[in-house]
Amino acid sequence: MAPPFTWWGGKETQRGTPVVVKMENPNNWSMVELETPSEDDSFLLTKGEKVKNKNAKQLTWVLLLKAHKAAGCLTSIASALFSFGSVIRRRVATGKTDSSTSNSWFYSCIKVFVWFSLILLGFEIAAYYKGWHFNTYDLHIQHLYTLANPLAVKGVFDLLYSIWVVVRVEYFAPILRSLANVCIVLFFIQSLDRLILCLGCLWIRIWKIKPVLKDGPVDLEDGDGGYYPMVLVQIPMCNEKEVYQQAIAAMSSLEWPKSKLLIQILDDSDDSTTQMLIKEEVHKWQKDGVNIVYRHRVIREGYKAGNLKSAMNCSYVKDYEFVAIFDADFQPSPDFLKRTVPYFKDNEDIGLVQARWSFVNKEENLLTRLQHINLTFHFEVEQQVNGIFLNFFGFNGTAGVWRIKALEGSGGWLERTTVEDMDIAVRAHLHGWKFIFLNDVECQCEVPESYEAYRKQQHRWHSGPMQLFRLCFPAIVESNISIWKKGNLIFLFFLLRKLILPFYSFTLFCIILPMTMFVPEATLPTWVVSYIPATMSFLNILPSPKSFPFIVPYLLFENTMSVTKFNAMISGLFQLGSSYEWIVTKKSGRSSEGDLSLLVDEKPKHQRGTSEPNLGDLKEEIKQKARKSSWKKKHNRIYTKELALAFLLLTAAVRSLLSAQGIHFYFLLFQGISFLLVGLDLIGEQVD
């Protein structure tokens, strides 16, 4: 009931504290405003006076509203946990276990750590409730006391825990401290390299440094008077049913004299239906006057390297001076050759011109956004800086133009590793060829949208360089290049950027940090847990400032991916397991309307016959593909290594609660959840 008041100028009086309650939904009501106590309810603070206690009615209202708010919060948390649990149960019931990893040596090692941590957690919880809260000094005293008075220990548990204290002080702690110190040193070396690369990129931006043509800027509208050497375009593909049409259409739209351009469709598909579809598409463009040929190998060996090597053995290749290579999901702009090939003119020492990638599906889901951060750093910083200051970088395998003389003079394509692009680049560098990277020439493609596809891609990208390092090391040492270039190849290109980063990232945050929770004598300092991952994430995300809102997911996901990269690196270095496994990255066939419009508008002469790359037809076909893919039953995989590491990290997080280590607990908790989400395939798209 509202307090009474007078209308004729009397003083307004209030009793109690009015409370305004919002009742739009009876099941979800909350307090909007709680006024301050009136003069009748409490005295003003004056010198020597005490504050009058609040009346019982006011306290009752406050307590009820606070209780309701807390109950609502707990209900929301419980509902979220229940939903998450339902998702986990559904994933476990319908998911397919990644059997290829469940029997590996690496998975066995992780399981040992998990069981060890669970046993230790039981010990520590029991010791905690017994009141044994030891710090490092107390543990040392306990150790000395146990050695001096072995009969003073009472009970089996007391004896076992005392033995564990002795073992961890004498053996485990020194090992963990040494490994942690090694990883910290490697971090400083790695961060120094990243910092120098970022400063080099900043220098390039400030002074607007980029490769220049000897004859000045290229006139893209120039007609017959331009520089038009013989160019061969190769598109290696294997069962690329989703992207073959847009790839062939994009290559057939390249602006280059027909008499000086030949397009090779190098189809390694083992599916007869896919072969037939690609053949028909090539035949349609041939009828439109495009100089394009279809080639299928009878003996399919050597994966992509074998495919390219077989194509280069064709007799007509000797008539061509340059070869442009594109993967099946790449869509170069029509002026791609006009913007890249002129850099070879009057530069006989240039062996490769590489363009950067852009991505049509970079905002498709969280997984593609995180990949975009990594690839932006790779092209914007690593490739550009190395190209400007060293004239050397790793060939990306696509969107590049090679001088055929450089390819053949360096030994051609070899099938000895799963990174044939890096292999030919290193051998060409050892033979004295220079490379040019064009950061302003982009070629659109797509990144993997499912974790399964991305994981297999990263395994190949990190096992192959270690295979190559083993094979190339003697050649690098015996080559005639300068000592500086040899050091750059061995220590920077291979060891630092391909081996050290996955090693210390996985070892420090997935093994050492959780183990130090059970060995408090070797606990990592707070600055190591917070500054090391934050610094690396900040430097990586710096070239793509629009991605800063994703810095925390990026940090957690990169640490999660370190298990795959570390496993691949070890497998490639020691030729274990699936180090030579090659699986074609799954494509979705996404293409923007702008790309399709460009293919139609730039080539009006193709608007006849059945080979017309009509925008409406292509858009309708893409929609039909999307509908068909939505009808297919989806499934996910359960990744055992990631799940095992999730349990290890979460177990360590529980242990960190006993010692009240704040930053360690939060890092272990969120990193463990990240591993859990990835292990249950809850990131990215599901696969067919």
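On a predicted model such as this, the values are computed, not experimentally measured, just so you know.

Asker: Provide a residue-level description of helix α6 (residues 244-252), including the pertinent values.
Answerer: Of all 9 residues in α6, 9 are buried, a share of seventy percent or more. The complete set of buried residues in α6 reads Tyr244, Gln245, Gln246, Ala247, Ile248, Ala249, Ala250, Met251 and Ser252.

Asker: If you had to explain the nonpolar core to someone new, which residues and values would you point to?
Answerer: Val233, Ile265, Leu337, Trp402, Val426 and Phe435 are the most contacted members of the largest nonpolar core, which has 86 residues in total. A total of 7 residues in this core trace back to one element, the largest contributor, which is strand β11 (residues 434-445). Counting 61 residues, the second largest nonpolar core, distinct from the first, contains Ile110, Leu176, Leu524 and Met536.

Asker: So, the UniProt feature "transmembrane region" (unreviewed entry) in the protein chain: which residues are in play, and what are the values?
Answerer: On the UniProt side, "transmembrane region" (unreviewed entry) is annotated at positions that read residues 59-84, 104-123, 144-167, 179-204, 499-518 and 638-657 here. This span, residues 104-123, is 95% helix and 0% strand, and a straight line between its end C-alpha atoms measures 29 Å. In residues 499-518, helix accounts for 90% and strand for 0%; the two terminal C-alpha atoms are 28 Å from one another.

Asker: Requested: an account of the state of the cysteines, with residues and values cited.
Answerer: One pass over the structure, following the stated rule, counts 0 disulfides. In this structure Cys443 is a free cysteine whose sulfur lies 6.9 Å from that of Cys445, the closest cysteine sulfur available. Residue Cys443 is classed as buried on the basis of its relative accessible area of 0%.

Asker: So what's going on with the pairing of strand β6 (residues 292-296)? Residues and values would help.
Answerer: For strand β5 (residues 261-267) and β6, the ladder comprises 5 bridges, and the chain directions are parallel. Opposite Ile263, over in β6, you have Ile292 as the bridge partner. Handedness of the β-α-β unit built from β5, helix α7 (residues 272-287) and β6 comes out right-handed.

About the criteria used
Residues numbered from 1 in each chain as written. Predicted model: local features only at pLDDT ≥ 70, side-chain atom pairs only at ≥ 80, totals over all residues. Heavy atoms only, no water. Buried < 20%, exposed > 50% of the residue type's maximum accessible area, 1.4 Å probe, protein only. Helix = DSSP H or I, 4+ residues; strand = E, 2+ residues; numbered from the N terminus. Core = buried A, V, L, I, M, F, W, Y, C linked by side-chain atoms within 4.5 Å. UniProt positions renumbered as here; feature names shortened; annotations may be inferred. Disulfide = S-S within 2.5 Å. Pairing = 2+ DSSP bridges. Right-handed = clockwise from strand over helix to strand, strands pointing away.

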